[in-house]
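Topology and contacts: notes
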Amino acid sequence: SSNEHKLNFKKSKEACLSYIQDALLQKQWKRAAEFLACYVESLEKDYSREHIGPSEMIWRIGTEILWHHSQSSMKEFNCFIEQMKTLGVKRYLKVCLEHVFHLLCNGQIDEAYQNLSLAESWRFGEQTAIQDKEMKLIQAYRGLLDYYSWSKQKNILLEHGEDGFSDLAVEQEMHGYFRKAAVSLKEIIKIPGVWDIFVKCYVDLLEFYGDHNEARQVLNEYAYNSKFPANPNAHVYLYQFLKRQGESKKSLISALKILHDIVPSHELMIDFNTMLQKSKKRKKRRLGLEVIFTALDYAGWKENAKAWSCLARQVKQIVISEKHLDWIKQEWSSRKDWWPAFHFSRYLAKRNWQENKNLSYGKALVAGLLLGKDCKYFKYVSHQGCKAQLKRFRMLKKFVNRHNFVYMRISG
Amino acid sequence: RDFNERCAQCSEVNWGLTDGGGFYCRSCHNVIERTREIVNTDFITNSRVQTISKGSKKQEESEGGCEWYICEGFQLVLKKQVEALEALGVHPQMKDEILCNFWRCYLQKSKQAYCKRPAAETVKTLSVCESSTDVDSDPERPSILHLLSLSESEGDLQTDCSSFASSVSKVSESTSVYSGSVDGSLYLMKNQKEKLRMTMPMTLSFCYMALLWMREPITLSEFLRFVVEGHIPYLNVFEHFPEKMKLCGLDLKIFCVESWPVYEEVFNKMHELAAYLDLPRFPDITESCFLHPDMLCIKYLMEANLPDELHNWTCRVVKKIGIGEVDFLTLMPGNKSTRKVKYDVLAAAVIIVVLKLLFLLDDCYEWVLSEFAEERNKNNTEGGPYFEFKRWYEVVKHSLDVKQKKLNEERAKYLWRCEKPLFYSVKKKSKVLKRRQMVVNLQNQFGKLSGSVQRAKKPNPSSFQLSWSEENADGSCFHGHSLKGVLQEKCGLLTAMNPDYWLCTVKLCNEKLCGHLAHYREVEFPQSYHFVLGLFSFLLRIQPSYIHDEVCMIEHKLFNKKLYKKLKYNAVLRK
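Residues numbered from 1 in each chain as written. Chains lettered and ligands numbered in written order. Predicted model: local features only at pLDDT ≥ 70, side-chain atom pairs only at ≥ 80, totals over all residues. Heavy atoms only, no water.

1. As for the overall build of chain A
The secondary structure content of chain A amounts to 23 helices and 0 strands. Taken over C-alpha atoms, the radius of gyration comes to 31 Å for chain A, far larger than the 22 Å a tight globule of 412 residues would show. Referenced to the eigenvectors of the C-alpha coordinate spread, the extents of chain A come out at roughly 85 × 75 × 40 Å. Looking at chain A as a whole, 50% of its 412 residues are labelled buried. Taking the contacts inside chain A whose residues are at least 6 apart along the sequence as the reference set, 61% of them involve residues at least 24 apart. Accessible surface, chain A: about 21300 Å² in total, of which carbon and sulfur atoms supply 51%. (Helix = DSSP H or I, 4+ residues; strand = E, 2+ residues; numbered from the N terminus. Rg over C-alpha atoms; globule rule 2.2 N^0.38 Å. Buried < 20%, exposed > 50% of the residue type's maximum accessible area, 1.4 Å probe, protein only. Contact = heavy atoms within 4.5 Å. Areas by Shrake-Rupley, 256 points an atom, 1.4 Å probe, with all protein chains shown as cover.)

2. A look at the overall build of chain B
On a plain count of helices and strands, chain B comes out with 20 helices and 7 strands. Looking at the 575 residues of chain B, the share that counts as buried comes to 51%. Carbon and sulfur atoms form 51% of the exposed surface of chain B, whose accessible area is close to 28500 Å².

3. A closer look at the interface of chain A and chain B
Facing the 38 residues of chain A at the interface are 35 residues of chain B. Buried area between chain A and chain B, summed over both chains or domains, comes out near 3400 Å², and the portion from carbon and sulfur atoms is 60%. Where chain A touches chain B, the interface holds 3 salt bridges. Across the pair Lys413(B) and Glu34(A) runs a salt bridge, and its minimum N-O distance is 2.3 Å. Counting the contacts that link chain A with chain B gives 13 residue pairs in polar contact (both at pLDDT 80 or more). Sorting the residues of the side of chain A that touches chain B by element identifies helix H1 (9-25), helix H2 (29-39), helix H3 (54-68) and helix H4 (74-87) of chain A as the ones contributing at least two each. (Buried area = accessible area lost by both parts, 1.4 Å probe. Salt bridge = Lys/Arg side-chain N within 4 Å of Asp/Glu carboxyl O. Polar contact = N/O pair within 3.5 Å; in protein donor to acceptor, adjacent residues only side chain to side chain.)

4. Comments concerning the nonpolar core
Judged by nonpolar contacts, the single largest core of 144 residues is most densely connected at Tyr106(B), Phe206(B) and Phe223(B). A per-element tally of this core places helix H13 (residues 343-359) of chain B first, with 14 residues. Each of domain 2 (68-113 + 195-279) and domain 3 (293-335 + 352-404 + 476-560) of chain B accounts for three or more of the residues forming this core. In contact with Phe223(B), other than residues within four places in its own chain, are Leu85(B), Leu204(B), Cys207(B), Tyr208(B), Leu211(B), Ile218(B) and Ile232(B). Residues Val263(A), Leu311(A), Ile328(A) and Leu396(A) belong to the second largest nonpolar core, which totals 91 residues. (Core = buried A, V, L, I, M, F, W, Y, C linked by side-chain atoms within 4.5 Å. Domains from an automatic or database assignment.)

5. Here's the deal with helix H16 (residues 429-449) of chain B
Residues and elements named next belong to chain B. The end-to-end C-alpha distance of H16 is 30 Å, a good match for the 30 Å that 21 residues give at a rise of 1.5 Å each. Listed in full, the buried residues belonging to H16 are Arg 436, Met 438, Val 439, Leu 442, Gln 443, Gln 445, Phe 446 and Leu 449. Two residues or fewer after H16 comes Gly 451, characterised by a positive phi angle close to 90 degrees. (Expected span 1.5 Å × (residues − 1).)

6. Some points on the packing of helix H5 (residues 92-105) of chain A against helix H6 (residues 109-120) of chain A
All names here are of chain A. Viewed as axis vectors pointing N to C, H5 and H6 meet at an angle of 165 degrees, and their least axial separation amounts to 8 Å. Considering the angle they form, H5 stands roughly antiparallel to H6. For the pair H5 and H6, the sense of crossing is left-handed. Contact residues: H5 offers Leu 93, Cys 96, Leu 97, His 99, Val 100, Leu 103 and Leu 104, while H6 offers Ile 109, Glu 111, Ala 112, Asn 115, Leu 116 and Ala 119. Taken together, the residues that form the contact of H5 with H6 break down as 10 nonpolar, 2 polar and 1 charged. (Axes fitted to C-alpha atoms, helices over the stretch in contact; angles between N-to-C directions. Parallel < 35°, antiparallel > 145°, perpendicular 65-115°, else oblique. Left-handed = near helix turned anticlockwise from the far one by under 90°. Nonpolar A, V, L, I, M, F, W, Y, C, P; charged D, E, K, R; others polar.)

7. Examining the environment of Ile130(A)
With respect to the helices, strands and loops of the structure, Ile130(A) is situated in helix H7 (residues 126-130). Expressed as a C-alpha distance, the spacing of Ile130(A) and Lys90(A), which sit 40 residues apart in the sequence, is 8.5 Å.

8. A closer look at a negative patch on the surface
Residue and element names in this part refer to chain B. The grouping of Asp 308, Glu 309, Glu 470 and Glu 471 at the surface amounts to a negative patch. Among the secondary structure elements, Glu 470 is positioned in the loop between H16 and strand S6 (487-490). Residue classification places Glu 470 among the exposed positions, given a relative accessible area of 54%. (Patch = residues over 30% accessible without salt bridge, like charges linked within 9 Å, V, L, I, M, F, W, Y side chains within 5 Å. Lys, Arg positive; Asp, Glu negative; His and termini not counted. Charge placed at Lys NZ, Arg CZ, Asp CG, Glu CD.)

9. Points about unusual backbone geometry
Residues and elements named next belong to chain A. Positive phi is not limited to glycine here, since Glu 322 has a value of about 60 degrees. With respect to the helices and strands, the residue Glu 322 is situated in the loop between helix H16 (305-321) and helix H17 (325-333). Residue class for Glu 322 comes out exposed when judged on its relative accessible area of 56%.

10. Points about the side chain of Glu388(B)
Residues and elements named next belong to chain B. With respect to the element layout, Glu 388 can be found in the loop between helix H14 (365-379) and helix H15 (389-412). One buried charged residue, Glu 388, remains without a salt bridge, the closest side chain of opposite sign being Arg 391 at 5.3 Å. In this structure Glu 388 touches Ser 370, Ala 373, Glu 374, Asn 377 and Phe 478, once residues within four positions along its chain are discounted.

11. So, the side chain of His548(B)
Residue and element names in this part refer to chain B. By secondary structure assignment, the location of His 548 is in helix H19 (residues 544-558). With relative accessibility at 0%, the residue His 548 sits in the buried group. Those residues in contact with His 548 that lie beyond four places of it in its chain are Cys 504, Ala 518, Tyr 520, Phe 525, Tyr 529 and Leu 533.

12. Let's talk about the pattern of salt bridges
All names here are of chain A. If you walk through the whole model with that rule in mind, you get 38 salt bridges over all chains. Between Arg 351 and Glu 303 there is a salt bridge, with the nearest N and O atoms lying 2.3 Å from each other. Of this pair, Arg 351 sits in helix H19 (residues 346-355) while Glu 303 sits in the loop between helix H15 (282-295) and H16, and the two are 48 residues apart along the sequence. For Arg 351, a relative accessible area of 26% gives the class partly exposed. For Glu 303, a relative accessible area of 39% corresponds to the partly exposed category. Via salt bridges that share partners, Glu 56, Arg 60, Arg 91 and Glu 98 belong to a single interconnected network.

13. Considerations on the pairing of strand S7 (residues 493-496) of chain B
Two faces make up the sheet, and in a regular strand the side chains alternate between them. Residues and elements named next belong to chain B. Direction of pairing for S6 relative to S7: antiparallel, over a ladder of 4 bridges. Bridge assignment links Leu 487 to a residue of S7, and that residue is Ala 496. Once S6 ends, the chain turns through 2 residues before running back antiparallel as S7, passing Cys 491 with a positive phi of about 55 degrees. (Pairing = 2+ DSSP bridges.)

14. Focus: a positive patch on the surface
All names here are of chain B. A surface patch of positive charge is lined by Arg 316, Lys 320, Lys 561, Lys 562 and Lys 565. If you list the elements that add at least two residues to the positive patch, you get helix H11 (310-321) and helix H20 (560-574). Tracing the sequence through the fold places Lys 320 in helix H11. In this structure Lys 320 comes out as exposed when scored by relative accessible area, which is 63%.

15. A closer look at the environment of Lys13(A)
In this structure, Lys13(A) sits in helix H1. Sequence spacing of Lys13(A) and Val40(A) is 27 residues, and the spatial spacing of their C-alpha atoms is 9.3 Å.

16. Some words on the packing of aromatic side chains
One pass over the structure, following the stated rule, counts 54 aromatic pairs over all chains. Aromatic pair Trp308(A) and Trp339(A): ring centres 5.8 Å apart, planes at 65 degrees, arrangement edge-to-face. Taken together, the residues span a long stretch of sequence, with Trp308(A) in helix H16 and Trp339(A) in helix H18 (residues 339-343) at a distance of 31 residues. Per residue, the accessibility class of Trp308(A) equals that of Trp339(A), and both read buried. Ring geometry for Phe387(B) against Trp392(B): centres 6.3 Å apart, planes inclined by 55 degrees, an arrangement best described as tilted. Look at Phe387(B) and you get buried, because its relative accessible area is 4%. With relative accessibility at 1%, the residue Trp392(B) sits in the buried group. Linked through ring pairs, Phe293(A), Trp308(A), Trp332(A), Trp338(A), Trp339(A), Phe342(A), Phe344(A) and Tyr377(A) together constitute an aromatic cluster. A cation over a ring is seen here: Lys357(A) above Trp353(A), with NZ or CZ 4.7 Å from the ring centre. Its guanidinium or amino end placed over the ring of Tyr386(B), Arg376(B) lies 3.8 Å from that ring's centre, counting from NZ or CZ. (Phe/Tyr/Trp six-rings, centres within 6.5 Å; stacked < 30°, edge-to-face > 60°. Lys NZ or Arg CZ within 6 Å of the ring centre and 35° of its normal.)

17. Thoughts on the confidence of the model for chain B
All names here are of chain B. For chain B, per-residue confidence averages 75 on the pLDDT scale, and residues scoring 70 or more make up 71% of the total. This model gives residues 35-62 a pLDDT under 50, and the stretch forms 68 contacts once residues within four places in sequence are excluded. Per-residue pLDDT stays below 50 along residues 117-176; that stretch engages in 82 contacts with residues further than four places along the chain or on separate chains. With a pTM of 0.73, the predicted complex shows an ipTM of 0.72. (pLDDT = per-residue confidence, 0-100.)

18. Observations regarding helix H2 (residues 70-87) of chain B
Residue and element names in this part refer to chain B. Between its terminal C-alpha atoms H2 stretches 26 Å, which fits the 26 Å expected from 18 residues at 1.5 Å a residue. With 13 of 18 residues buried, H2 is to be regarded as a mostly interior element. Phi for Gly 89, located one or two positions after H2, is positive at around 115 degrees.

Structure follows, in structure tokens:
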């Protein structure tokens, strides 16, 4: 506050900005507009040394205010953005792109498309080369909207197809959109990045036109090219594609391996475990056990009946065969300290029983085998089950009693 | 330009105007005796300047521009400012006699007019045509000027490309040295040692100097506040320049300000100016003068909502330390031994010292006193209320906070630009105009969205920023409150109940070395003291440390004997 009384242009505008910031944070759009109106004259001053100049500030702040202000219309918003486009040529494509996003949020797909096309045709000396990345994005989104149009045409055709109509014009249009979309989408996914939506759409197009090889190549690139950032979705898309293609279990399993490494709690882990369990290869079965145990480490899986039944099935199978009890021992050693409280408390026993019998069954089986027949969870559930005269719980009780030695073997 | 006689030397009719208003022939540079009034203001020039300068190219004239010099610009600024002061109630004598004489004297001293240039001096000036970016292309054309000293030789205008090239490299501006005025670049290049170069803040120093000479009832802090509030032209004053005085290029550096001048700056410059102009002793500041501490204390006590009774005490302090003496208060330019008096700060500091005397302000005693007063006021309503520090603090703090918040917001919303566009060169004109248009559009667009808030009109200038009315039933006005609660009678005299006093600083710094008498840090002083400093800091729009300095100065004068004794004692001990 020692320089409070020394007021100059720069300090005045800095203070103005901080008032705007406060107003924005408190969603006081009117107040923010009031101060922004005072700030805009910064445009007439040279700020070339600052990191973020007033034109960028005004663009970003003005966008926020106009987007949220109750009295602001889309027309005003568009008018403002057009002015912003003229303000900074270095930012031109960025502003165009964000404008398109806003239009899309507002459901104005046609306007968005127009803007994208316009931006695509923009040329400005060396700026065109410098803003190459933005240009690729613009082309990609234009391609995406082309895909969207293609999709609409496709649906129309399919409907008509059922009626027995064949509309040549629609078909031509559809193919036209396909070509435009395919070209743009193919371009963007060459660049390392996260392009989930582009990849999905592109693969959809390729599959429709029967180019499965290309599709497979694209998905492999997306999943396995180390230049691309690690992206679990890439593996999911690949897996889904291979599944659609009816590929062998072997390739399906290899597709899910990296997914397990990146996201052990992914919902596909159930599929993964199911396939691995059934494998003839010992290594794969071993992996399957690891996969299902790891998945159940996560809180989100606690009440997943299917997962518990997978684990139960595999554990039961191992116990019956009396081979590879050491696998269970290995998996259990790092979990025996916290899984009982995490999964097998008496409170959970009661709750699970109330809410989901299947869940209780699976969990009880696992608990009984891993912790013995005297564990809280198993005791409660089997007791309740027998009381309710449910056959499978009686069978469960017998089974666990018979194999009560297991928990001693694995906890040592 | 209306002169149509043929030149004696070359028989051409092609006349231009020199600095001093003399006529010269453009074709052969013959200077004739005929002179013309240089400026269109109220005062008349009698002396001639024997210098030559060539006007700008005919091109500029055809655009409707005219030749003008920087000092003409400043003259216009001063004229506008003093007219505004007149509108506020200042005596017209200030404009017609005082200020214009000061200005004339300044022009003379700084050798911009009314004098002979010394023979030895050679100054170069540049004025580049907008059309010729490559000056070297035509060395024959007289595109460069030399301002020569001449007492004997009459007007030889030389053109010298090489010297132009070397001059250009000295100028650190953009590649084309350009100004709408004739001597814009010259002005910025001048050696500052002897001459006091005119600047925009200095126009305020001029005004204040005149106000002081006239002993007008306005303090420097008040004057500066009026400037900031827009009642005195300062920011964007060039809006008032006539159409034909084109402002561009380096002129912008001189006339466009983007900050408000600080009190210290204007104050110091004023004193420098007074000395520079060799002014005599200013008219006496006597007891009946507005600027006398006794008078100013009345004003500030009122504004600070303090009891009128405190005035007795401020007068006593003023008398005791001699700061009410005519010789102390009156300005003697060039006298370096006396401390320059800041009348407003002085009065504020006196009040603060009195508050410390009566209330101690150690964050403890004043509240204790306040409690007693509160008790008394509850039980006994006759004879008027006793002054309660606590209530006063609450009331004043509340108002102060509201005003401060409003002021901060106003500062953040301040609009610096004006309608008249400014541009460095004609090349940039269209860009500047486009920007201006966009700014106006955006202002309209977002202005509409800010609700019904209209751009507030300039508030009428008022001398009082805080006002308290005794008619308010809530008792928020303390002017009439009594100090009986903090006073006692001793030997027939009223003295403070408070027996103690704490000095702001035991030793004063050397002002010349470190610029301050003391160094104020909020954390080292009681909150109450900080509060009263803050109050006057707001009223005077200056930093608290300046008031703190004055407080220290007054305290040292007041307790001089005791301090002297103590220091002597310490010295004795050390031996």
